[in-house]
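Single-letter residue listing:
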Amino acid sequence: MKSHVSLGLVNPKSAVNVASILRAAVCYGVNAVFYTGQRYRYAKDFNADTKAFHKIIPTIGVEDLLECKPKGSRVVAVELVENAVPLPAFHHPDNAFYVFGPEDGSLSNAFIEHVDDVVYIPTHHCMNLAATANVLLYDRLAKSRYDVTNAFIRRSRDQNNRTAHNKL
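Our subject in this report is the structure included herewith. (Residues numbered from 1 in each chain as written. Predicted model: local features only at pLDDT ≥ 70, side-chain atom pairs only at ≥ 80, totals over all residues. Heavy atoms only, no water.)

Notes on the pairing of strand S7 (residues 117–120)
Step number 1: As defined by bridge partners, strand S4 (residues 74–78) adjoins S7 across three bridges and the pair is classed as parallel. Its bridge partner lying in S7, alanine 77 is registered against valine 118.
Step number 2: Note: strand S5 (residues 85–86) against S7, two bridges, orientation parallel. Bridge pairing in S7 places proline 86 opposite tyrosine 120. (Pairing = 2+ DSSP bridges. Helix = DSSP H or I, 4+ residues; strand = E, 2+ residues; numbered from the N terminus.)

Points about unusual backbone geometry
Step number 1: In this structure, asparagine 11 takes a positive phi of about 45° despite not being glycine.
Step number 2: Non-glycine residue asparagine 83 carries a positive phi angle of around 70°.
Step number 3: The residue asparagine 83 is located in the loop between S4 and S5 in this model.

Here we look at the pattern of salt bridges
Step number 1: Tallying each qualifying case throughout the model produces two salt bridges.
Step number 2: The partner of arginine 74 in a salt bridge is aspartate 117, and the shortest N-O contact between them spans 3.0 Å. One end of the pair, arginine 74, is in strand S4; the other, aspartate 117, is in strand S7, with 43 residues separating them in the sequence.
Step number 3: Aspartate 139 is paired through a salt bridge with lysine 143; the nearest N and O atoms lie 2.8 Å apart.
Step number 4: By relative accessible area, aspartate 139 is classed as buried at 13%.
Step number 5: Taking the relative accessible area as the measure of exposure, lysine 143 reaches 39% and is therefore partly exposed. (Salt bridge = Lys/Arg side-chain N within 4 Å of Asp/Glu carboxyl O. Buried < 20%, exposed > 50% of the residue type's maximum accessible area, 1.4 Å probe, protein only.)

A few points about the environment of leucine 65
Step number 1: Looking at where leucine 65 falls in the secondary structure, it is placed in the loop between strand S3 (59–61) and S4.
Step number 2: Leucine 65 sits 32 residues away from phenylalanine 97 along the chain, and the two C-alpha atoms are 9.5 Å apart.
Step number 3: With near-sequence residues (within four places) excluded, leucine 65 lies in contact with Gly8, Leu9, Val10, Phe34, Tyr35, Thr36, Phe97, Val99 and Phe111. (Contact = heavy atoms within 4.5 Å.)

Describing the sheet that holds S3
Step number 1: What the seven strands build is an open sheet, ordered S3-S2-S1-S6-S4-S7-S5; its pairing is parallel. On the outer flanks of this sheet lie S3 and S5, each paired with one strand and no other.
Step number 2: Each of strand S1 (4–9), strand S2 (32–35) and S3 is contacted by helix H1 (residues 15–27), which is oriented at about 175° to S1, the strand it contacts most.
Step number 3: Docked against the sheet, helix H4 (residues 129–142) engages S1, S4, strand S6 (95–100) and S7, running at close to 160° with respect to S6. (Axes fitted to C-alpha atoms, helices over the stretch in contact; angles between N-to-C directions.)

Okay, structure coming up:
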């Protein structure tokens, strides 16, 4: 069964962070990115998405992230919250809707009460939004089955990279 992964961003303020999240979304096979609030709508015109990943990954402004939860997905809040599950111990659901709080705030208690799981990344300080999304998506990939062939590497790398490692 194919998994479905979506991201939800609560009122993101930085177009640069959202552009970085869109790049991660393309790299890690995310199906869609939803966001609330007006700050990104205003900031996205500054063209931080230099690779136009918003044309590859649907990037959809919504009023309520819980109302747009993809069918059959578990809602996973990613936040430094007491009693949350540390990411290294978390088992990712096949169909996940990961929701991240704003860069300058946190997910509300009312929102957290309506999610299926809450995870945190055990760091000594809070990470920025894009870094958090990248770590979470990498953790999901690392705990899954993935293609380990050279053909996959050739499809994934930048067109300027043709390096081969011949020591085996």
